[in-house]
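Chain residues, written in single-letter form:
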2 protein chains.
Amino acid sequence: MALIVQKYGGTSVGSVERIAQVAEKVIATRSQGHEVVVVVSAMSGETNRLVALAKSVADPPKEREFDVLLATGEQVTISLLSIALEARGCPARSYTGAQVRILTDSAHTKARILDIDDQNIRADLAQGIVVVVAGFQGVDEPGNITTLGRGGSDTTAVALAAALKADECQIYTDVDGVYTTDPRVVPNARRLEQICFEEMLEMASLGSKVLQIRSVEFASKYNVPLRVLSSFEDGPGTLIAPEDKSMEQALISGIAFNRDEAKLTLLGVPDKPGVAAQILSQIAAANIEVDMIIQNIGADGTTTDFTFTVHRNDYKKALGILQGLAPSLGMREVRGDDQIVKVSIIGVGMRSHAGIASTMFQALANEGINIQLISTSEIKISVVVHEKYLELAVRVLHAAFNLDKAA
Amino acid sequence: MALIVQKYGGTSVGSVERIAQVAEKVIATRSQGHEVVVVVSAMSGETNRLVALAKSVADPPKEREFDVLLATGEQVTISLLSIALEARGCPARSYTGAQVRILTDSAHTKARILDIDDQNIRADLAQGIVVVVAGFQGVDEPGNITTLGRGGSDTTAVALAAALKADECQIYTDVDGVYTTDPRVVPNARRLEQICFEEMLEMASLGSKVLQIRSVEFASKYNVPLRVLSSFEDGPGTLIAPEDKSMEQALISGIAFNRDEAKLTLLGVPDKPGVAAQILSQIAAANIEVDMIIQNIGADGTTTDFTFTVHRNDYKKALGILQGLAPSLGMREVRGDDQIVKVSIIGVGMRSHAGIASTMFQALANEGINIQLISTSEIKISVVVHEKYLELAVRVLHAAFNLDKAA
């Protein structure tokens, strides 16, 4: 007997019929002898409806009150799923965030979970009751309703799994697992049986939208095995778990890419301490998030060339800031390009294997793809190329590392 | 400075525009220097939508979970009203029943309020914050969400006013006050400036649907002055308050009527102890509510004639029960009539004035209206007449007691 936390997103509970299907899935898991805690999101479309309602009253709405409104979305779902379970003879009990007592800080609309009281849930599980918890919401110390922001229901599920020391946290989505890369770009992309947390973090942060990065971080921190599965078809999904030292690692697990990048380069920046900080603090003050940062010694030896990438939406704003800064910093030139993409290969296996980078660069060179920027981490190599090469680069790399074949 | 509890029903908060109007009314009250606590219902139509949603999942839905669903209706309204108030520069804070801590028993869908914690509300009011409370809902001792059933938001408002020792509890509705009788029957019916609790209870129980009887009982018990007002037009409404001994009382305050009555008569029932109880216990066991009960000595001196009235919907069922009982009780005959109505005159003034009954009976006799049954209480005289006389009887009595003129 295992304790399993299952999370169903908005699409999975998007109608009365789909809620009935979720009830059947929960009952199937329970009838295998497992204890089940279910975390649900608001029915798809409901959160948008509530947001529009609030904004028709005032925009922006007062955040404390906005959270009170948004929290009703999940409260509707926990009730309906519990009604569906009970009607099928399965004892069930719903909990709002406040009822569990998912304690958060007071940062309305983007609260962080501080603590979870597992007492009531454990008592229910011990009696064979399926526990249905509202995702995305909590309560702060004085008792105000809070919401967790984007991907909050995944975070709730992982945090609950951690608090309950669950055997597995299953995230049901509209895809059947994590793929070596986007199957729309590479048709023979392969579903991974297993991937480790670090790899999943790199995949998620580079634009694979299967899981919210925050919930993967949480799962990694508390060592909660995560599994991504489809709510619409049966299958094992992909297990995201701690790195398994005993197994031969695949060199590369997947290829991620990001279409929405733009790069900015400052040429001939005086090479003295504090310059990089001075530039980036101005960018940060404008609420622009910086992705890659690369610095190289300039051709003359006394200046440096400094490049960073931002989201394409922030490109013009960032360019304006740099052009304003240029005279006071004494730099030679500011250049920018918003027709670039980032492509990355990811794999914990590259830690212990040389030659990965050269395989990557050679494969791209064979197709005449010019590499504009390179950045590396322990388990990732990213390159920036012209956007016209995106699909070609991903396909070439997928083939070069034999990702269509199981490791 | 007074502390005022205002309650707005579903129609009054039925759209974003109406919520804006309610916000303006609340702000107007506050700018007169008052402390304001607002109780709101779900937006009109919302509760029906939620009921339909639950029943599409399972019918009947599990009651505990049904309450979780229904409670979201008022939670949406408290949020939107608070957002509207804040957007107009008025500090506001919403509370669900659980957040106030409106403690109820655990009778889901028809819970009773046991206690109200006024600590948080008082702290907010002291800071000049308008407190917005979800009507109709509470929380039981273990923390389950409960709802109060029909008229629950009125009950919440009155209970809060009692707990806070408010100066007045204002119930905003779609009528502008309590009338001497139904203006659809008597066009010159007059809005009452004031009426006492006992009179209002008689008016409410006899079919004037302005206020739920439970909230009037509550207000009477805790001596909370109630005021019924229109949410759509300005005006003083009707104050429902303890009987004011210092004022000259109007003889009669109003005329109530009930169209949905049917009468059942048992003729020649043996006049011995326990017979009435035996009959009525069978009726009660069938969940039939009895309204008037009248017993008279029969013509032969050894038997009695026994009559009672029930809701017209229960007439056939009650008649069947009595016909089944007749042989064992040794009664002569069972008669019934479902073409009757009840008309009542109500007024605390009749306590100290003789001749009210004769004025009533003479007025009806003048129009040839035959009185079938008479029942009296300290502040009410009810008669049963044929249903064809309803409008005529009400008009005649309204004129006979000069109800179109202020007392």
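Every value quoted in this text rests on a predicted model; they were computed, and no experiment measured them. (Residues numbered from 1 in each chain as written. Chains lettered and ligands numbered in written order. Predicted model: local features only at pLDDT ≥ 70, side-chain atom pairs only at ≥ 80, totals over all residues. Heavy atoms only, no water.)

(A) Region of the structure containing the overall build of chain A. Check the secondary structure of chain A and you find 12 helices and 18 strands. The C-alpha extent of chain A, read off along each of the three principal axes, is 75 × 50 × 30 Å. A total of 407 residues make up chain A; the buried ones form 55% of that total. Taking all contacts inside chain A whose residues are at least 6 apart in sequence as the whole, residues at least 24 apart take part in 74%. Element-wise, carbon and sulfur atoms account for 48% of the exposed surface of chain A, whose accessible area totals about 17200 Å². (Helix = DSSP H or I, 4+ residues; strand = E, 2+ residues; numbered from the N terminus. Buried < 20%, exposed > 50% of the residue type's maximum accessible area, 1.4 Å probe, protein only. Contact = heavy atoms within 4.5 Å. Areas by Shrake-Rupley, 256 points an atom, 1.4 Å probe, with all protein chains shown as cover.)

(B) Broad picture of the relation of the copies chain B and chain A. Note on the copies: chain B fits chain A at an RMSD of 0.3 Å, the axial shift is 0.0 Å, and the rotation between them is 178°. As the rotation angle and translation indicate, the two copies are arranged about a two-fold axis. The position closest to the rotation axis in chain B is occupied by the C-alpha of Thr 72 of chain B, lying 2.5 Å away. (Least-squares fit on C-alpha atoms with pLDDT ≥ 70 in both.)

(C) Highlighting the UniProt feature "binding site: ATP" (unreviewed entry) in chain A. Residue and element names in this part refer to chain A. Here, the residues flagged by UniProt with the feature "binding site: ATP" (unreviewed entry) are Lys 7, Tyr 8, Gly 9, Gly 10, Thr 173, Asp 174, Tyr 179, Arg 184, Lys 209 and Val 210. Inspection of the secondary structure puts Gly 10 in the loop between β1 (3-8) and α1 (16-31). Residues contacting Gly 10, with those up to four places away along its chain left out, are Ser 41, Ala 42, Met 43 and Ser 44. Residue Val 210 is classed as partly exposed on the basis of its relative accessible area, which comes to 21%. Look past the residues within four positions of Val 210 in its chain and what remains in contact with it is Thr 173, Val 175, Gly 177, Val 178 and Val 228. (UniProt positions renumbered as here; feature names shortened; annotations may be inferred.)

(D) Region of interest: the side chain of Thr 146 of chain B. Among the structural elements, Thr 146 of chain B can be located in strand β8 (residues 145-147). Thr 146 of chain B sits in the buried class, given a relative accessible area of 0%.

(E) Summary view of the side chain of Asn 258 of chain B. All names here are of chain B. Turning to its location among the elements, Asn 258 is positioned in strand β13 (residues 254-270). Its relative accessible area of 19% is what places Asn 258 among the buried residues. A distance of 3.1 Å separates the side chain of Asn 258 from the backbone nitrogen of Asp 260, its partner in a polar contact. (Polar contact = N/O pair within 3.5 Å; in protein donor to acceptor, adjacent residues only side chain to side chain.)

(F) Up close: the nonpolar core. Ranked by internal contacts, the top residues of the largest apolar core, which has 42 residues, are Val 5, Val 37, Ile 121, Val 133, Cys 169 and Leu 226 of chain A. Discounting chain neighbours no more than four positions away, the residues touching Cys 169 of chain A are Val 5, Ala 157, Val 158, Ala 161, Val 224, Pro 225, Leu 226 and Arg 227 of chain A. Formed by 41 residues, the second largest nonpolar core is a distinct cluster that contains Val 39, Tyr 95, Ile 121 and Cys 169 of chain B. (Core = buried A, V, L, I, M, F, W, Y, C linked by side-chain atoms within 4.5 Å.)

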